[in-house]
Amino acid sequence: MIPYTVNIKLAARTLTGTLNLQNKTAVDWGWQGLIAQGCHSSILIIDPKTSQTIQVLERHKANVVKVKWCRENYHHSLSAPYSLRLASADAAGKIIVWDVVSGTAHCEIQEHSKPIQDMDWLWTQDASRDLLLAVHPPNYIVLWNGDTGTKLWKKSYAENILSFSFDPFEPSNLALLTSEGIVFISDFSHSKPPGSGGKKVYIASPHASPAHTKPVPAVAPAPTGAKKALNKVKVLITNEKPTVEAVTLNADCLQLSYLPSKRNHMLLLYPREILILDLELSQTVGVVAIERSGVPFIQVIPCAQRDALFCLHENGCITLRVCRSTNAPDESATDPEQCVQELVYDLRSQCDAIRVTKTVRPYRMVICPVNENNAALAVSDGRVMLWELKAHVAKPALNPCSGLSPLYSPVAFCGSPLGQNQKKIQDLSLNTMIGQSLVLGADPPPGSPQQEVQLKFLLTGLLSGLPLPPFALRMCPPLTTKNINHYQPLLAVGTSNGSVLVYNLTSGLLHKDLSVHSCEVKGIEWVSLTSFLSFATSSPNNAGLVRNELQHVDLPTGRCFAFRGERGNDEPAIEMMKVSHLKQYLVVVFRDKPLELWDVRTGTLLREMAKSFPTVTALEWSPSHNLKSLKKKQMLAREAMARQTTLSDAEQSSVESSVISLLQDAESKSEGGGQAISAREHFVFTDTDGQVYHITVEGNMVKDGARIPPDGSMGSIACIAWKGDTLVLGDVDGNLNFWDLKARLSRGIPTHRGWVKKIRFAPGKGNQKLLVMYTDGAEVWDTKEVNMVSSLRIGRNVNYRILDIDWCTSDKVVLASDDGCIRVLEMAMKSASYRMDEQDLTDPVWCPYLLLPRAALTLKAFLLLQPWSGTFTMDISQHGYVLCCDSVLSDWLPSDMKSVLQDPELNLLQRCLLVSRLFGDESDLQFWTVAAHYLQSFAQAHQLSLSVPEGQAPLEGTQTTPQGHLDICHDTLCESFYFQEISHADNPSYYCDSLKACLVTTITSSGPSQSTIKLVATNMIANGKLAEGVQLLCLIDKAADACRYLQTYGEWNRAAWLAKVRLNPAESSDVLKRWAEHLCSPQVNQKSKAILVLLSLGCFHKVGEMLHSMRYFDRAALFIEACLNFGVMEANDSSNILSNAAFVDYARLLRSLGLREGAAFWASRAGDAGEQLLEELFEGEEAVPVPEEEEEETEALENAE
């Protein structure tokens, strides 16, 4: 059995409940692997792998309406560490940027006081990772620096902005969804606000388009399938203001977003259909419609790794639809309209729906951006359901009639072909579950090892919140020296539906959920560490009588029994119950009926008071009792008895009779054995006049004691608390009266806060702190000094009402509030977030972002490459390095991931990809995916002795790469389907296009006509008609000039596309190199994109140089190593200089991280400079460098940067 250790210090925390309607859109799943969710004015941070809440952020005063994790697409180092940054926006227009680990705010931003409509981090800039774009109602977009809170620029638009979407392929494109249509901005930049008001387009209703209004002749042949489908969905994107019908269509538009898997495509979501628009053709190329009986959509998330859509429906069902690409359009089709490729999304998997009621409805779904095969559903009642997509091998002829083309699993793993005995993780991510080429409609090559797979959703986790308030709280008895070995800090929460939830406050997790009552729980009292009494009262009948339920619950077994037996039907309501300090007696107070006194241990009624008994307004047990003296007597008696049996007969007679009488006295009192001595206990209560009564209970005897007349300064007494020699009374007018019983002094303090609802002393010997609850908040008082320690008031420092209070340790209080949350707070009652590293979590969480920056980077370097040890190990402590916890890897890493990482077959590229996925490192993942593709294709070209000179890419078509194409989401390099557009006869440019077509056909290759056309083209370009001029230049085979013009006018993407389509490899490579140079220029600053362009050209030496010059030492060294492994980098002087420099810098980085063996390995491969470093390393062998020195080295490295 695991030894149970007691954590006496509880962390401050918040237990959350149901969501507010304004929290509907406030949920986000970051690259860091964590989910953030708004709950009222708090933000929960959830770990989806272990289904636990690991942080609650509290600083907002209004409901949180948006949360967004910072993107991770930058190179991580000690100066730019892995960190958890989150932006959250509330209904009062405030944006807070958080450091989630420490729970503190980086900065707070406020522009207007209306709810933020949308916000997102900019991710394309290499220079700055702090830029945050937000929509401030009604019509402003503002760019903020999220680190300092400064405003960079602000721009207003004519219509109300609802949301926005960035083009994932072209950072200067931004689309705004407005109340009237869509605004396209093509000149978005971080340095200045967009110049123009953007291009406004309106979505005309499908029924208003010409295809629907044309009368169809009765004898006309029926349109073919493709034509019919297209007519049905054709939506014209027009620039004219729409008709009334179209405006209503736009009002239904729930969402707009660019497709991350296809360039120039966008989706629009309506309740009953999803439209896929091609922005180059300005028309719908696909539709996903729901049949009449189907459940409407709420939200859709397009995937990047595959052309697939996650859709959320109104019944909480999540469906996955994967695009089936139809084969090339039929050549014989005479109608050019049919040449447009239509996209069909097939339903491939769906999860179970939830039971939707008035209070329970699905709010939002988020998917994991790293792997895209996990979805989380946020439900209005505070639940978060975690669904995982699984692929399982299908039986081939399962249902051939379904008409769906089969899906196949890919042959490659992590960007490289699978080895013979290589281990793989089938469900690592969406692109390892479904192969790419087969989604495009081709059949698998015969004899290929591909398996047909089917997808299904599996529920892997569920977080549930508290039910709706009100709550009744009671903390279990306090920690003492006697119970320290088995103490658990349990909090019992009575709820409005009759159940009692027991939470363990060490972990914040639900310990037991017990269905005890049939109506609202009004109060709970613990009678031991593992059992409690709770009472509930039903709503009164016409006579004002209720059904009272008083239950005794035993926690380990869950056994409940009615404590008052058959009593409880049709009687006045129970007002309160109080258990004595020794847990012997129980007083039950009723509204219009004398109180009852019970023995808790035997469950018997000791006394029901007479009718003439005064009405009780407040009652409290005294902490003084005679148990110690009784136990002392018992001990003496036992000793005497023991002596008696050993003494001789002569001595026996001289045993004092008094001892025997003591013994008999004690024995008579101890009914049922020695442990149940009935000690004498007292309680005090007040009546409606404020008179204080004192009553003594011993065994089954009840004695009336002294009476103290009422204090004239006090109103009707509402509550009493007693500890040691201090008695405190609180009244309905807000006065507190402190009695010092030893000194016989009383002191009244008016708090002017209205009715004192409850007062409780803190646990712990000599701790005289007192917690007071009012209708408008709470206070902590020090009764020794008689002064207030801290205060909490609704409207002043919080926006929730307090429903119940208690102490959970000697210095922490627990408050239940009407926003459905229960908060454990320090005595100062400042609702503060806690540090995550102080958390005591039940399950270990794999999240490198929670480690110290140095530890996270060490862990990454350790996982990336361990060639110095010959075998891969998961025990980092063997390498002379201790992370914050030694068993970090064995505990945290999933077992399948561990076995793959330890697999000797895993090559360097696969390892880099796997680790970047494990760390959620966006920048690494993109770089290594593209690098793996091109390294392998160029290596293959070498083997096929297609001696491709460096700098010339073989055309995509001629590459017989093992994995065909790169996934389209990495299409930085402009591959495109559409070569021409033919306008419809109703289009105003139809006449002009026809004349152009005549011109094209009459062109001969004679010199004069060519020079004329060139002259016309250059004039057109000079006069701003760039596209037309470029078309003319392409007609006369001057595509290289056309590319130059396009680049001069800033159309870099189009130039790259044209070069790939029309130029030979050498010319094309020149164009792309110019593009790379442009991307590296300081005003553009997109070096990471330039590196991807150079990778596609096979300029691996240049890539290595750039990585090294950008101080990406780890990436540079590993990339050069991979190039040498694949034989795509010639071993000559320049490459040796580069590799030596990169290796020695990487070795220095590893030394600064404390991985000495790794540093020695890389230094040994780095020539002369490396030898020097090796000497330094092994000089220190006798005296291992102290951490401070290491830190100084690291700082020196950073300063050098």
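Residues numbered from 1 in each chain as written. Predicted model: local features only at pLDDT ≥ 70, side-chain atom pairs only at ≥ 80, totals over all residues. Heavy atoms only, no water.

**Comments concerning the overall build of the protein**
Scanning the protein from terminus to terminus reveals 25 helices and 60 strands. When burial is assessed residue by residue, the protein has 53% of its 1201 residues classed as buried. Pairs at least 24 apart in sequence give 56% of the contacts found in the protein among residues at least 6 apart. Carbon together with sulfur atoms contributes 53% to the accessible area of the protein, which is approximately 53,100 Å² in total. (Helix = DSSP H or I, 4+ residues; strand = E, 2+ residues; numbered from the N terminus. Buried < 20%, exposed > 50% of the residue type's maximum accessible area, 1.4 Å probe, protein only. Contact = heavy atoms within 4.5 Å. Areas by Shrake-Rupley, 256 points an atom, 1.4 Å probe, with all protein chains shown as cover.)

**Some remarks on the confidence of the model for the protein**
Summing up the model confidence of the protein, the mean pLDDT is 80 and the portion of residues at 70 or higher is 79%. This model gives residues 207-235 a pLDDT under 50, and the stretch forms 39 contacts once residues within four places in sequence are excluded. Between residues 328-339, whose pLDDT stays under 50, and residues either more than four places distant or in other chains, the model counts twelve contacts. (pLDDT = per-residue confidence, 0-100.)

**Quick word on unusual backbone geometry**
Outside of glycine, negative phi angles account for most residues, and trans bonds account for most peptide bonds. That bond from P137 to P138 is cis: its omega, 0°, falls within 30 degrees of zero. With respect to the secondary-structure elements, P138 resides in the loop between β11 (131-136) and β12 (140-145). Note the cis peptide between P469 and P470, where omega equals 5°. Residue placement: P470 occurs in the loop between β33 (452-463) and β34 (472-475).

**What about the packing of helix α8 (residues 853-864) against helix α11 (residues 908-919)?**
Where α8 meets α11, the axes come as close as 9 Å, and the angle between the chain directions of the two elements is 150°. By the angle between their axes, α8 is roughly antiparallel relative to α11. Regarding α8 and α11, the two cross each other, and that crossing is right-handed. In contact with A856, L859, K860, L863 and L864 of α8, α11 contributes R911, C912, V915, L918 and F919. (Axes fitted to C-alpha atoms, helices over the stretch in contact; angles between N-to-C directions. Parallel < 35°, antiparallel > 145°, perpendicular 65-115°, else oblique. Left-handed = near helix turned anticlockwise from the far one by under 90°.)

**A look at the pattern of salt bridges**
For the structure on display, the rule yields 43 salt bridges. Across the pair R591 and E575 runs a salt bridge, and its minimum N-O distance is 3.1 Å. Taken as a pair, R591 in the loop between β43 (585-590) and β44 (596-599) and E575 in strand β42 (residues 574-579) lie far apart in primary sequence, 16 residues in all. The class of R591 is partly exposed, set by a relative accessible area of 48%. On the basis of relative accessibility, which here comes to 41%, the residue E575 falls in the partly exposed class. (Salt bridge = Lys/Arg side-chain N within 4 Å of Asp/Glu carboxyl O.)

**Concerning the packing of aromatic side chains**
Tallied over the full model, the rule gives 22 aromatic pairs. With 5.0 Å between their ring centres and 80° between their planes, F927 and W928 make a pair best called edge-to-face. The two residues F927 and W928 agree in class, both being buried. Relative to F1100, the ring of F938 has its centre 5.5 Å away and its plane inclined at 90°; by these criteria the two rings are edge-to-face. Remark: F1100 occurs in helix α20 (residues 1100-1109) and F938 occurs in helix α12 (residues 922-943); sequence separation between them is 162 residues. By relative accessible area, F938 is classed as buried at 8%. (Phe/Tyr/Trp six-rings, centres within 6.5 Å; stacked < 30°, edge-to-face > 60°.)

**As for the sheet that holds strand β5 (residues 52-58)**
Strand order in the open sheet made by the four strands is β2-β3-β4-β5, with antiparallel pairing throughout. Either end of the sheet is taken by a strand with one partner, and the two such strands are β2 (27-29) and β5. Ignoring strand direction, the axes of neighbouring strands in this sheet form an average angle of 20°. By the bridge criterion, three bridges tie β2 to strand β3 (residues 35-39) in an arrangement that is antiparallel. Note that in β3 the partner of D28 across the bridge is A36. (Pairing = 2+ DSSP bridges.)

**Re the pairing of β5**
The element β5 is extensively covered by neighbouring structure, given that six of its seven residues are classed as buried. As judged from the six bridges shared by strand β4 (residues 42-47) and β5, these two strands associate in the antiparallel manner. Bridge pairing in β5 places I46 opposite T53. Between β4 and the antiparallel strand that follows it, β5, lie four residues; S51 among them carries a positive phi value of about 55°.

**Points about the side chain of D1145**
Position of D1145 relative to the elements: it lies in helix α22 (residues 1133-1153). Those residues in contact with D1145 that lie beyond four places of it in its chain are H1108 and F1113.

**Observations concerning helix α15 (residues 1026-1035)**
For α15, the complete set of buried residues consists of L1026, G1029, V1030, L1032, L1033 and C1034. In the segment just after α15, D1037 is the residue with positive phi, at about 60°.

**Quick look at the sheet that holds strand β52 (residues 735-740)**
Reading across the sheet, the four strands line up as β50-β51-β52-β53 and stay open at both edges, with antiparallel pairing between neighbours. Both edges of this open sheet fall to β50 (717-723) and β53 (745-750), since each of them pairs with a single strand only. In this sheet, neighbouring strand axes are inclined to one another by 15° on average, regardless of whether the strands run parallel or antiparallel. Examined bridge by bridge, β50 and strand β51 (residues 726-731) share six bridges and lie antiparallel to one another. Bridging from a neighbouring strand, I720 pairs with L729 of β51.

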